[in-house]
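# A structural walkthrough
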Amino acid sequence: MKMSVRIAVVLALCSAVSGATDAKFEVKGADVLKTLVQGHPRLMLLDDDLKGLRRLHDQDVMLERCVKETLEQADRDMSQPMLTYRKIGPRLLSVSRAAMNRMYSLGVAYRWTGDQKYAKKAIENMLAVCAFEDWNPSHFLDVAEMTHAVGLGYDWTYAVMDDATRQTIKAGLIRNGLEPGIKCYKDRAWWSRSEYNWNQVCNGGLIVGALAIAETDPQYAETIIPAAVRSFPTALASYGPDGAWGEGPGYWSYATHYTAYGLCALKTALGTDFGLTEVKGLAESGLQPIYMTGPTGLYLNYADSGERAARRPMAAMLWLAQTFQKALYAEAEHIELLKRGGSPQHVVWYVPAPRLRSARQLDKYFDGTVEVAVFRSSWTDPDALFFGIKAGYNQVNHGHLDLGNFEIDALGVRWARDLGSDDYNMAGYWDGKRGGKRWSYYRLNTFSHNVVTFDDTDQDPMGKSRFSKTVLNEDRPRGIVDFTTAYGEFASKALRGMAMVDDRRAVLVQDEFALTKSCKPAWGMTTDAAINVKTDGSAVLTLDGKTLTARVLSPAGGQFSVESAEQTAPQKTNKGVRRLMVRLPQTTGDLRIAVLLSPNWPDGKPTADTELKPLSQW
């Protein structure tokens, strides 16, 4: 089949991708390249943008530092061994990720300094990966990331390559990246209909690769861009209505960076992103890492988000800041840059720190597939009290059986924590149906999370939950989650309320159940702290020289106990991690479990008595 005929067929078939997409995202292939910027570079960092950054450089200490760190990284990458074809399990991802990182560091270094040694090293790396037998299409993230890397490198080092080198790299990009991408759109690959990160990574990578060679091989952009523009909104809608991300904050970073790459490339190369930045929730999405990060610098962790890494700084925050004119995003990212080094992408999307501090609320509720509410006592005190609680759907992508889970920071440490993901390569890790292998793994099932169980039974894998009430930014901020369907085998009603009490000095966790069968309840909290159960029934948690006191307020006579969260390989072992437990005898009917968690503040003032009221009166 001739290329022109085959591309036309693919275009027709691609129209089925994400069939429910708004008609405004229908783009005709013949119109895609009418506004194409001629010449190179055209992707993400135009020469005029670079000139502006150079003018700013000597006046902006942070930009100067980001450039310096990028040049240092590029110098390290100059001496790295050449990339080789190497799979880890089913994935080539570490190789494609390394290729992408090198293209950004070497590419920015070349464009900033004009020193061709950086461009030549980038070209050597591109020639190496373009000689690979494939870019691992069975795990298409690898293809997408490598397509991104080679497309960007081709565009940024175009002037340094001779024609033969360009043809070799372009042939590898087409054979291993763009052709497999077109096949995926033709076959309606699952990721093209996904609501989560694979969608953005794959579409974003293919957009970059197609635009890189659009003047000589326009048929790829004319096919890929309309299909990607139709597909992208399915995932972008997951930011709605107010910026949260169902896969957890760590995957927010991955998904949002690839959103930024793809949409920024469209804008710089074509002058338009076809309205994709107008999808509801994207403009607000920079609020997620800001509000979801506790005073410890750790995220409110849920799903397979990564165990304890906050993954900051994040250059996509600067893209969001400049795209949506959000000073708060730039301010927050500059605060993180003061703590840790930046990246080449920080140079590409650099926005100066705003002069005035933006207003922030103490408490924030995020709606969406996975609802989250976060509460704190201060934005400026590193020892501030912070907690977050999640609702949502146990079947959300990367989800755990953790509806109602919470985490707590105070006194500069994290007291109640979520262990995060385990090894994706373990057998059945993605088998999330009811009774699936996924739920046999400790980090993913209910028993590792800060929730209640009955008869040592997981939450229902099909369980859903919603916040029935939130009261924010008042003296006693609180939220109530209705997670009845997670406990349908045992209860006709299941509610969890959490509140900051005693002038935001302590946290009350109150659960109410209408039990329909006799069972043994167990309340649990995962912690790194040492736990000392006292004779008066309280428990004192000690971590990093700080202490927190836990008390069972209900039921009367409830006692704490301590269990281990440690597991055996091949699961992550959770060495030294403990569970603070309240195990209750067989019971039925109405049940209330209330636990007060009180950091022992330096002023020595005890927590004021907390009156228990039914959640219906909260």
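Residues numbered from 1 in each chain as written. Predicted model: local features only at pLDDT ≥ 70, side-chain atom pairs only at ≥ 80, totals over all residues. Heavy atoms only, no water.

In terms of regular secondary structure, the protein chain is built from 14 helices and 18 strands. Taken against the 2.2 N^0.38 rule, which gives 25 Å for 618 residues, the C-alpha radius of gyration of the protein chain at 26 Å falls within 12% of a compact globule. With respect to the three principal axes, the spread of C-alpha positions in the protein chain is 80 × 55 × 45 Å. Put simply, the protein chain has 618 residues, and 61% of those count as buried. Looking at the protein chain alone, contacts between residues at least 24 apart form 71% of all its contacts between residues at least 6 apart. Total accessible area on the protein chain stands at roughly 22900 Å², and carbon and sulfur atoms take up 50% of it. (Helix = DSSP H or I, 4+ residues; strand = E, 2+ residues; numbered from the N terminus. Rg over C-alpha atoms; globule rule 2.2 N^0.38 Å. Buried < 20%, exposed > 50% of the residue type's maximum accessible area, 1.4 Å probe, protein only. Contact = heavy atoms within 4.5 Å. Areas by Shrake-Rupley, 256 points an atom, 1.4 Å probe, with all protein chains shown as cover.)

So, about the nonpolar core. In terms of nonpolar packing, the biggest core is built from 139 residues, with Leu270 and Trp349 touching the most fellow members. Sort the elements by how many residues they give to this core and helix α10 (residues 249–270) lands first, with 13 residues. (Core = buried A, V, L, I, M, F, W, Y, C linked by side-chain atoms within 4.5 Å.)

Moving on, we come to the pattern of salt bridges. As enumerated under the stated definition, the model contains 30 salt bridges in all. Between Arg417 and Asp528 there is a salt bridge, with its nearest N and O atoms 2.8 Å apart. Highlighted residues: Arg417 in the loop between β6 (413–416) and β7 (452–454) and Asp528 in the loop between β12 (521–527) and β13 (530–533), separated in sequence by 111 residues. Overall, Arg417 belongs to the buried group, its relative accessible area being 3%. For Arg505, the salt bridge is made with Asp502, and the minimal N-O distance between the two is 3.6 Å. (Salt bridge = Lys/Arg side-chain N within 4 Å of Asp/Glu carboxyl O.)

On to the packing of helix α8 (residues 197–212) against α10. Where α8 meets α10, the axes come as close as 8 Å, and the angle between the chain directions of the two elements is 30 degrees. Taken together, the axes of α8 and α10 lie roughly parallel to each other. Between α8 and α10 the crossing geometry is left-handed. Contacts between α8 and α10 involve Asn197, Gln200, Val201, Gly204, Gly205, Ile207, Val208 and Leu211 from the former and Tyr251, Tyr254, Ala255, Tyr258, Thr259, Tyr261, Gly262, Ala265, Leu266, Ala269 and Leu270 from the latter. A breakdown of the residues in the contact of α8 with α10 according to their chemical character gives 13 nonpolar, six polar and no charged. (Axes fitted to C-alpha atoms, helices over the stretch in contact; angles between N-to-C directions. Parallel < 35°, antiparallel > 145°, perpendicular 65-115°, else oblique. Left-handed = near helix turned anticlockwise from the far one by under 90°. Nonpolar A, V, L, I, M, F, W, Y, C, P; charged D, E, K, R; others polar.)

With that settled, the discussion passes to the side chain of Lys390. For Lys390, the location among the structural elements is in strand β3 (residues 386–390). Side chain to side chain, Lys390 and Asp402 meet in a polar contact 2.9 Å long. Beyond its immediate stretch of four places on either side in the chain, Lys390 contacts Tyr302, Val370, Glu371, Val372, Asp402, Leu403, Gly404, Asn405 and Val481. (Polar contact = N/O pair within 3.5 Å; in protein donor to acceptor, adjacent residues only side chain to side chain.)

Examined against the element boundaries, Pro477 turns out to sit in the loop between β8 (464–471) and β9 (478–482). Remark: the alpha-carbon pair of Pro477 and Ala228, spanning 249 residues in sequence, is separated by 42 Å. When neighbours within four sequence positions are excluded, Pro477 is seen to be in contact with Asp363, Phe375, Val471, Met498, Ala499, Met500 and Arg504.

Take it as geometry only, folks, not as evidence of what the structure does.
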